Amino acid sequence: MNKLSFTQKLWLPLLVSLVALFSISVFNAYQARQIRLEERKSDLMNVSHVAMSIIKEYGAMAASGALGKNEAQQQALARLKAMRFGKDGYFSIITSNEVMVMHPIKPEMDGRKMSDFKDPEGNLVFALISKAGSQPGGGFIEYVWPKVGAAEAVPKMSFALGYQPWDWIATTGIYVDDLNHAFLQSLYLGGAILLVVALALGALITYSNRSMLNAIGGDPGQAADIANRIADGDLSLDIATRPGDTRSLVYAMKCMRTSLLHTISNIKNSADTIATAS
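Residues numbered from 1 in each chain as written. Predicted model: local features only at pLDDT ≥ 70, side-chain atom pairs only at ≥ 80, totals over all residues. Heavy atoms only, no water.

Asker: How should I be thinking about the sheet that holds strand β1 (residues 91-94) in this particular structure?
Answerer: As a general point, the strands of a sheet are linked pairwise by backbone hydrogen bonds and lie either parallel or antiparallel. With antiparallel pairing, 5 strands are arranged side by side in an open sheet as β2-β1-β5-β4-β3. Only two strands of the sheet have a single neighbouring strand rather than two, namely β2 (100-102) and β3 (139-146). Pairs of neighbouring strands in the sheet enclose a mean axial angle of 35°, with direction left out of account. With 8 bridges connecting them, β3 and strand β4 (residues 153-163) associate as antiparallel partners. In the sheet register, Glu142 faces β4, and the bridge partner there is Met157. (Pairing = 2+ DSSP bridges. Helix = DSSP H or I, 4+ residues; strand = E, 2+ residues; numbered from the N terminus. Axes fitted to C-alpha atoms, helices over the stretch in contact; angles between N-to-C directions.)

Asker: In this structure, what is going on with the packing of aromatic side chains? I would like to understand it.
Answerer: Each aromatic ring pair is summarised here by two numbers: the centre-to-centre distance and the angle between the ring planes. Taken as a whole and assessed by the stated rule, the structure comprises 8 aromatic pairs. Between the aromatic rings of Phe117 and Trp145, the centroid separation amounts to 5.6 Å while the plane-to-plane angle is 50°, which identifies the pairing as tilted. Placement of Phe117 in the loop between β2 and α3 (125-133) and of Trp145 in strand β3 is noted, with a sequence separation of 28 residues between them. With relative accessibility at 6%, the residue Trp145 sits in the buried group. Here Phe140 and Phe159 contribute two aromatic rings whose centre-to-centre distance is 4.8 Å and whose plane-to-plane angle is 50°, an arrangement assigned as tilted. With Phe140 in strand β3 and Phe159 in strand β4, the pair connects residues that are 19 residues apart, well separated along the chain. Overall, Phe140 belongs to the partly exposed group, its relative accessible area being 32%. Aromatic ring contacts, followed pair by pair, group Phe117, Phe126, Tyr143 and Trp145 into a single cluster. (Phe/Tyr/Trp six-rings, centres within 6.5 Å; stacked < 30°, edge-to-face > 60°. Buried < 20%, exposed > 50% of the residue type's maximum accessible area, 1.4 Å probe, protein only.)

What follows is the structure, encoded as structure tokens:
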């Protein structure tokens, strides 16, 4: 701190405050994103358990002999294939060996082994789904996938839940590109507000700095050095003032120095006159 100039010391609190405000803005935006993400995770788990209740219903029918296993599976698949939630939510079914049992949007995948399928970012999507679905209580997966009717892959979060008796893993997901967009928008808005505040405070501090420096006539350290040298009896120093400066502290010390030199000169002349006369 001692190495900083007077002007730098005046600017330092503003810079620290702006960094703190920016950090708070980023943290708040991230927290808001995380809250929305947790809400969507909860929604995914809820709808997945609804789908699982349907599967278990037909599984119980097959186990009781009310329906044959194949017929029960076909009826369960028909109901799951028709289920939708939200704007573009649907269910797909794979096995633990990553064989696609049913995909309502991409039926060309049905019956295919999807172990080597990768999304544009290189994620082995169905291997991840199989791993998550094999966990007790299911698990979440993040990857990129095109929206319904679109070609571009966007971030998506899915929840996979397994049904062991049939070796089925039910998967459903929600696109999270809007969360990322909202997060960036929050950052942009926070940055814009921070920029306006920074410009306003910067203008205020610039004006205050200029006013104080004009009142002092220079850096306070320089003014203190001048005062100390004059107090020590050193009147030989050259005191430079700014052009047009007639009211600052440094100018007043310059005038005082000139006055002291004039007074000392008069005293010396008077003493020389007295000495000559005697």
